[in-house]
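Coordinate inspection notes
What follows is each chain in one-letter form.
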Amino acid sequence: MHKEKNVCESLIGTLLNIPGKTKDGENARLDMVAMGIRESLKPVSEEGKRTFLPAACYTLSRSEKKQFCSTLARVKVPTGYSSNIKSLVQMKDLKLINLKSHDCHTLIQQLLPVAIRGVLPKEVRNTIIQLCYFFNSICSKIIDPSKLQQLQDEVVVTLCLLEKYFPPAFFDVMVHLTVHLSREIKLCGPVWLRWMYSMKRYMKILKGYVRNRHRPEGCIIECYIAEEAVEFCSEYLANARTIGVPKGIEERIESRSGFKVIPIDYKTLCEAHYYVLQNTTVVDPYMSKNEKWLQAEHKRSFSSWFKRKIETELARPENTISQQIRWLAHEPKREVLSYSGYGIGGYYYNTSDHDSRSTTQNSGVMVEAESLHMSTAKDKNPIYANMLYYGVIEDIWELNYTQFKIPIFRCKWVDNKGGVKVDENGFTLVDLNKEGDPNDQFIFASQAKQVFYVNDPNGGRWSVVLTTKPKLYDRGDVCDNIEETPSFSRGLPESDDIDNEDVAYVCEDCEGIYVEEDTTSRKKRKRN
C-alpha cells in the first residue's frame, strides 16, 4: 500500500514537476553529468540566479499538463469508488494536492494510464502503463501462482526501461522494492489480505473518540468501553442496528431514491414485457416450441400468443401451470414504478438525467449477451456468440405483475459495429453518440454490471471504459466478494515491443524548466 503510494507520488510529481515531489531537478541533472550519461540534459546556468534545465522525454509541456489535469478534473466516478478526484486537482498551478493512500491507489490502478493518453513519447507512456498494469495485477484478489514469475520478469524489464528515461534520482528505495513484491506474494499471500486500509480507517475512528487532547488515551478507552457496552445490549434488542456500521448498498434498495408512478405507452410496455418473457427460464419451453415461428414474427405478437396459450392450458382440469407463468401471461400494468436510483447486486445505479446533476457517475452499464453473428447479409449459417454491450441507463422501472415486481433498466446502447473499439494498449473505447438498435433497450437490473466512462484525452467523440467491482454487504458486515480487481486494459503490448533504442532523451517540442537558486542554500555554501 505504502509502496504504491510513494511510487504514484514520484511519478505524478516528476511528470507535473511539483515542487517537493519531483525527482527531477538541478542536482538530479548534475548527478547524470557526473555519471557521464545523458549529457545533453545537463543544467545550463544563466545570468542572475536562474538555471535552465532542458526538457527531458518525461517532461510535460504546459499544454500537456493542462490536458492531464483537466482529464482528471472531469472524471466522475461511481458512488463509493473513491474520493472526489476533482477536489484533488489544482488547475491554477497544474498539480495534484492532498493525495491520500487510497487516492494514489485509485490513480495508479486505473486513472493514471487514462490521463497520460496523448501525452509523452510513446515509449515512455507505454512503460508507465506497464508499471500501472503490474500494480493492478498484484492487487487482484485472485492470483495464479504460476504467473507470479512472469510478473516478476515483466516488472524487472519495466524498471530497466524506466531507468532509460527517468533520472537516477527517481529510483529511491520505494521504487526498488517493487522488484520484490512478486516474491512477497509467494511467501505471504495476496496483497489485499495484508494492506492497511482497514487499520487506517479504524485509526480515524479512534481519533474521533478524543475529546480532551491532554488525555487522549483515557478518551479512547472511555468511548471504546461505552460502545462495547451498548453493542452488547443491542444483541438483545430486535431490529437494532449495529453501531458504527454504515448503511450498506444492499439496504439502499429499500429506499429506492426518486420514486414515482408514471404511465408508459403501450408499445414500450410490450417491448419490456417481451424482454421479460424472452429472458425468463420458465418460459423457455414455449420459446423453443415456436422457434421457427418466432424467427418470422419475432416479438410482434408473441406476447398475445403466449397469453392465449396459457389460457388454453388453464382451461384443462389437470394442468401444471405455475403461478409465475400465470401472472407472466398477463401483461404488466400500464403504470410502472420509476426510480432515479436503485441498488442491486452490490452496485448502486442512477439514471443519466440524475448523473448530469451529480458529482458521481452511476448510469454506465455493461452486459454480456448472446447475439446472432453473420459474416454477410446473405449468410445462411449464422452463429450465436456472447458479446459485451455498453450503454447508459435512461430509466429505471419496476414492472408490476400484481403478485410480483420485476426491476428493469431502459438503456441507450452503443452500436457495437462502429461505436466500440480496442486500441493498441488494450483500452476499450466507446462512442456514446452512436446509438444501437432503438427497439432493443431493456435488460434486467440483475444482469447489469457497472462501468464508468472517462473522456478520451486524445479528444474526439470517444470515451474510455473503466470497470468497477461490486460491494456486497451481509447483515451489516462488509464482506467484499472474491473477484479479480478490474483491469483498465484487455491486454498490453510486450515489453520487447515497448523498448526503443532510438528514443530521444531531449524533448525538442517542449519548453524547458527554469530553476531559481535557493538563497538559503547559497548562504550555507558560503559559510562552509
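Preceding this section is the structure that the text describes.
Described in the following lines is the structure provided in the data block. Not measured: the values here are computed from a predicted model.

Points about the overall build of the protein chain
A count of helical and extended segments in the protein chain gives 19 helices and 19 strands. Restricting to contacts in the protein chain with at least 6 residues of sequence separation, those with at least 24 account for 68%. With an accessible surface of roughly 29100 Å², the protein chain has 51% of that area assigned to carbon and sulfur atoms.

Focus: the environment of Y453
Position of Y453 relative to the elements: it lies in strand β15 (residues 449–455). Taking the C-alpha atoms as reference points, Y453 and G364, 89 residues apart in sequence, are found 7.1 Å from one another. Every residue in contact with Y453, bar those within four places of it in the chain, is listed here: Q361, G364, V365, Y390, G391, V392, V430, L432, S463, V464 and V465. Engagement of the side chain of Y453 in a polar contact is seen with the backbone oxygen of G391, the distance being 2.8 Å.

Comments concerning the nonpolar core
Ranked by internal contacts, the top residues of the largest apolar core, which has 66 residues, are L72, I128 and F166. Secondary-structure elements contributing two or more residues to this core are α1 (2–16), α3 (62–73), α4 (101–115), α5 (122–138), α6 (148–165), α8 (181–188), β15 and β16 (462–467). Ranked by residue count, the leading element in this core is α5, at eight residues. Core analysis: the second largest hydrophobic core is formed by 39 residues, Y275, L337, Y339 and Y342 among them.

Quick notes on the sheet that holds strand β1 (residues 44–45)
The antiparallel open sheet is built from three strands, whose spatial order is β1-β2-β19. Unpaired on one side and paired on the other, β1 and β19 (513–516) mark the two borders of the sheet.

Observations regarding α5
Over its 17 residues, α5 extends 25 Å from the first C-alpha to the last, a length consistent with the 24 Å expected when each residue adds 1.5 Å. Where burial is concerned, most of α5 is hidden: 15 out of the 17 residues are buried.

Digging into the packing of aromatic side chains
Scanning the model with the defined rule gives 13 aromatic pairs in all. Taken together, a centroid distance of 5.8 Å and an interplanar angle of 70° make the contact between F134 and F135 edge-to-face. The pair F134 / F135 is uniform in exposure class, with both members buried. On the numbers, 5.6 Å between centres and 70° between planes, the contact of F232 with Y236 is edge-to-face. Judged by its relative accessible area of 53%, F232 is exposed. An aromatic cluster is present here, built from Y58, F166, F170 and F171 joined pairwise through their rings. Cation over ring: K141 sits above W192, and NZ or CZ is 5.0 Å from the ring centre. The ring of W462 has K421 lying over it, and the distance from NZ or CZ to the ring centre is 4.4 Å.

A few points about a nonpolar patch on the surface
Taken together, the side chains of Y202, I205, I221, Y224 and I225 make up a nonpolar region of the molecular surface, amounting to roughly 480 Å² of accessible area. Those elements giving two or more residues to the nonpolar patch turn out to be α9 (197–208) and α10 (216–234). At three residues, the largest contribution of residues to the nonpolar patch is made by α10.

Overview of the packing of α3 against α4
At their nearest, the axes of α3 and α4 sit 9 Å apart, and the two run at 130° to each other. Considered as vectors, α3 and α4 are oriented oblique to each other. The chirality of how α3 crosses α4 is right-handed. Residues F68, T71 and L72 of α3 form the contact with α4, whose participating residues are L107, L111, L112 and A115. Across the contact of α3 with α4, the residue classes break down as six nonpolar, one polar and no charged.

Looking at the pattern of salt bridges
This model, assessed by the stated rule, comprises 11 salt bridges. One salt bridge in this structure joins E9 and K5, with 2.8 Å as the shortest N-O distance. You can see E9 and its partner K5 sitting in helix α1, four residues apart, about one turn around the helix. Exposure class is identical for E9 and K5. Each is buried. Its salt-bridge partner being D353, residue R357 comes within 2.8 Å of it at the nearest N-O pair.

Here's the deal with the pairing of β15
Among the seven residues in β15, five count as buried, and that is most of the element. Pairing analysis gives five bridges linking β15 to β16, with the strands arranged antiparallel. Looking at β16, one finds that Y453 is bridged to V465. Linking two consecutive strands that pair antiparallel, namely β15 and β16, is a turn of six residues; a positive phi of about 90° is found at G459 within it.

So, the packing of α5 against α6
Direction vectors running N to C along α5 and α6 enclose 145°, while the axes themselves pass 10 Å from each other. Note on packing geometry: the crossing formed by α5 with α6 is left-handed. Two secondary-structure elements touch here, α5 through E123, V124, T127, Q130, L131, F134, S137 and I138 and α6 through L151, V155, T158, L161, L162 and Y165. Residues that form the contact of α5 with α6 fall into these classes: nine nonpolar, four polar and one charged.

Overview of the side chain of S140
One can find S140 in the loop between α5 and α6. A polar contact of 3.1 Å, which involves the side chain of S140, links it to the backbone oxygen of S137.

Quick look at α10
Look at α10: 27 Å from first C-alpha to last across 19 residues, which is about the 27 Å you get at 1.5 Å a residue. When α10 is considered as a whole, its buried residues turn out to be C219, E231 and S234. For α10, the angular spread of buried residues about the axis comes to 90°, placing them on one side. Exposed and oriented more than 90 degrees from the buried face of α10 are E217, I221, E222, I225 and F232.

Section: the environment of C104
Within the element layout of this structure, C104 appears in helix α4. The class for C104 is buried, based on a relative accessible area of 0%. Separated by 99 residues in the primary sequence, C104 and K5 place their C-alpha atoms 5.3 Å from one another. Residue contacts for C104: discarding those within four places in its chain leaves K5, C8, E9 and L99.

Criteria and thresholds
Residues numbered from 1 in each chain as written. Predicted model: local features only at pLDDT ≥ 70, side-chain atom pairs only at ≥ 80, totals over all residues. Heavy atoms only, no water. Helix = DSSP H or I, 4+ residues; strand = E, 2+ residues; numbered from the N terminus. Contact = heavy atoms within 4.5 Å. Areas by Shrake-Rupley, 256 points an atom, 1.4 Å probe, with all protein chains shown as cover. Polar contact = N/O pair within 3.5 Å; in protein donor to acceptor, adjacent residues only side chain to side chain. Core = buried A, V, L, I, M, F, W, Y, C linked by side-chain atoms within 4.5 Å. Buried < 20%, exposed > 50% of the residue type's maximum accessible area, 1.4 Å probe, protein only. Pairing = 2+ DSSP bridges. Expected span 1.5 Å × (residues − 1). Phe/Tyr/Trp six-rings, centres within 6.5 Å; stacked < 30°, edge-to-face > 60°. Lys NZ or Arg CZ within 6 Å of the ring centre and 35° of its normal. Patch = residues over 30% accessible without salt bridge, like charges linked within 9 Å, V, L, I, M, F, W, Y side chains within 5 Å. Salt bridge = Lys/Arg side-chain N within 4 Å of Asp/Glu carboxyl O. Axes fitted to C-alpha atoms, helices over the stretch in contact; angles between N-to-C directions. Parallel < 35°, antiparallel > 145°, perpendicular 65-115°, else oblique. Left-handed = near helix turned anticlockwise from the far one by under 90°. Nonpolar A, V, L, I, M, F, W, Y, C, P; charged D, E, K, R; others polar. Arc of directions from axis to C-beta.

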